[in-house]
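# A look at the structure
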Amino acid sequence: KYSDGFGPKITGISHVPYNDLEALKAQISDKTCAVVIEPIQGESGVVPADKAYLEGARKLCDEHNALLIFDEVQTGVGRTGSLYAYQHYGVTPDILTSAKSLGGGFPIGAMLTTSDIAKHLAVGTHGTTYGGNPLGCAVACAVLDVINTPETLAGIKAKHERFKARLEKIGQQTGLFIQVRGVGLLIGCVLSDAWKGKAKDILNAAEKEGVMVLQAGPDVVRFAPSLVVEDADIDEGLERFERAVANLIKG
Ligand SMILES: *Cc1c(COP(=O)(O)O)cnc(C)c1O
């Protein structure tokens, strides 16, 4: 749906179901240039890939001489508790994209690749007005100095547990969620049948309590907080969230 209204769309791209290695196997051939995968789907509901799926995709790409590209715009720069999600899975792509957390709020996006592929992208090959912008790069370097440390990355894993425990409890007590999934500080709460399609209502109720949460499609409430959020703020935020849910149930 994100590309609707932006036609004509690029041709020659096939979409296959996520986490379905057989579907990828059926589609890939020696004519395939590249396979693009989100290691954890963000907008589509916070769906982590199975390790075997990414390993299988890597193997298929190698067999067919295709590049494996990970879209890590949402999962990268510490979001999962590893600097990049591919490290969490132990599957290395040929190219990965990075943005969002990379600038800690400042706009910057980047593409990372191997030295072999990078050779083909000399200065001027793919220029943009703001490409290599010194201010943007300086901000991203400062962000990496904070995030790419053992303390911050370990903190993200600990904060995941804090979120998950409380959210699972809220889910059980209210019947709101059937599953709390995700990695690090990219967390999705899957709504139960009774609440299906109502993620937006939950967002609105939370906003009234002064806490901003996200949705990932109509059936998943998404939490993607600051990577250095304090424990006290997590507790306060989830207390507000719990209040919001209680109000919504009361009608
Ligand atoms: C936000 C997002 C994008 C968009 O990135 P831009 O840098 O705005 O082009 C792409 N992929 C994923 C997975 C995203 O979450």
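Cut-offs applied
- Residues numbered from 1 in each chain as written.
- Predicted model: local features only at pLDDT ≥ 70, side-chain atom pairs only at ≥ 80, totals over all residues.
- Heavy atoms only, no water.
- Helix = DSSP H or I, 4+ residues; strand = E, 2+ residues; numbered from the N terminus.
- Rg over C-alpha atoms; globule rule 2.2 N^0.38 Å.
- Buried < 20%, exposed > 50% of the residue type's maximum accessible area, 1.4 Å probe, protein only.
- Areas by Shrake-Rupley, 256 points an atom, 1.4 Å probe, with all protein chains shown as cover.
- Lys, Arg positive; Asp, Glu negative; His and termini not counted.
- Charge placed at Lys NZ, Arg CZ, Asp CG, Glu CD.
- Near = heavy atom within 4 Å.
- Polar contact = N/O pair within 3.5 Å; in protein donor to acceptor, adjacent residues only side chain to side chain.
- Pairing = 2+ DSSP bridges.
- Contact = heavy atoms within 4.5 Å.
- Domains from an automatic or database assignment.
- Buried area = accessible area lost by both parts, 1.4 Å probe.
- Salt bridge = Lys/Arg side-chain N within 4 Å of Asp/Glu carboxyl O.
- Nonpolar A, V, L, I, M, F, W, Y, C, P; charged D, E, K, R; others polar.
- Axes fitted to C-alpha atoms, helices over the stretch in contact; angles between N-to-C directions.

Another aspect to go through is the overall build of the protein. Within the protein, the regular secondary structure consists of 8 helices and 10 strands. Taken against the 2.2 N^0.38 rule, which gives 18 Å for 251 residues, the C-alpha radius of gyration of the protein at 20 Å falls within 12% of a compact globule. Projected onto the principal axes, the alpha-carbon positions of the protein cover approximately 60 × 45 × 35 Å. Across the 251 residues that make up the protein, the buried fraction comes to 42%. For the protein, the computed accessible surface area is about 14,000 Å², with 56% contributed by carbon and sulfur atoms. If you average the places of the 25 positive and of the 30 negative side-chain charges in the protein, the two averages end up 4 Å apart.

Every residue close to the ligand is listed here: Glu38, Asp71, Val73, Gln74, Ala99 and Lys100. In the model, an oxygen atom of the ligand is placed 2.7 Å from a nitrogen or oxygen of the Gln74 side chain. For the ligand, an oxygen atom lies 2.5 Å from a polar atom in the side chain of Lys100.

The alternating pattern of strand E10 (residues 220–223) places Val220 and Arg222 on one face and Val221 and Phe223 on the opposite face, and all of these are buried. Note that strand E8 (residues 186–191) and E10 share 4 bridges and pair antiparallel. For Val190, the partnering residue across the bridge sits in E10 and is Val220. Counted between consecutive antiparallel strands, the loop separating strand E9 (residues 214–215) from E10 contains 4 residues, among which Gly217 sits at a positive phi close to 80°.

This brings us to the side chain of Glu209. Tracing the backbone shows Glu209 in the loop between helix H7 (199–208) and E9. The class of Glu209 is buried, set by a relative accessible area of 18%. Here the side chain of Glu209 touches Arg243 through a polar contact of 3.0 Å, side chain to side chain. Excluding its chain neighbours within four sequence positions, the residues that come into contact with Glu209 are Arg240, Arg243, Ala244 and Asn247.

What follows covers the domain arrangement of the protein. Domain boundaries in the protein define domain 1 (21–147) and domain 2 (150–250). Averaged C-alpha coordinates put domain 1 and domain 2 at centres separated by 26 Å. In this assembly, domain 1 packs against domain 2 so that about 1,500 Å² is buried in total across both faces, 62% of it on carbon and sulfur atoms. Applying the counting rule to domain 1 against domain 2 returns 1 salt bridge. Arg222 is paired through a salt bridge with Glu43; the nearest N and O atoms lie 3.1 Å apart. At the level of secondary structure, the elements contributing two or more residues to the side of domain 1 that touches domain 2 comprise strand E3 (47–48) and helix H5 (134–147). Residues that form the side of domain 1 that touches domain 2 fall into these classes: 8 nonpolar, 10 polar and 2 charged.

With that settled, consider the sheet that holds E10. Judged by pairing direction, the sheet is antiparallel, and its 4 strands sit side by side in the order E7-E8-E10-E9 without closing on themselves. Each having just a single partner strand, strand E7 (177–183) and E9 make up the two edges of the open sheet. Taken strand by strand, helix H6 (residues 150–174) contacts E7, E8 and E10, and its axis lies near 170° from that of E7.

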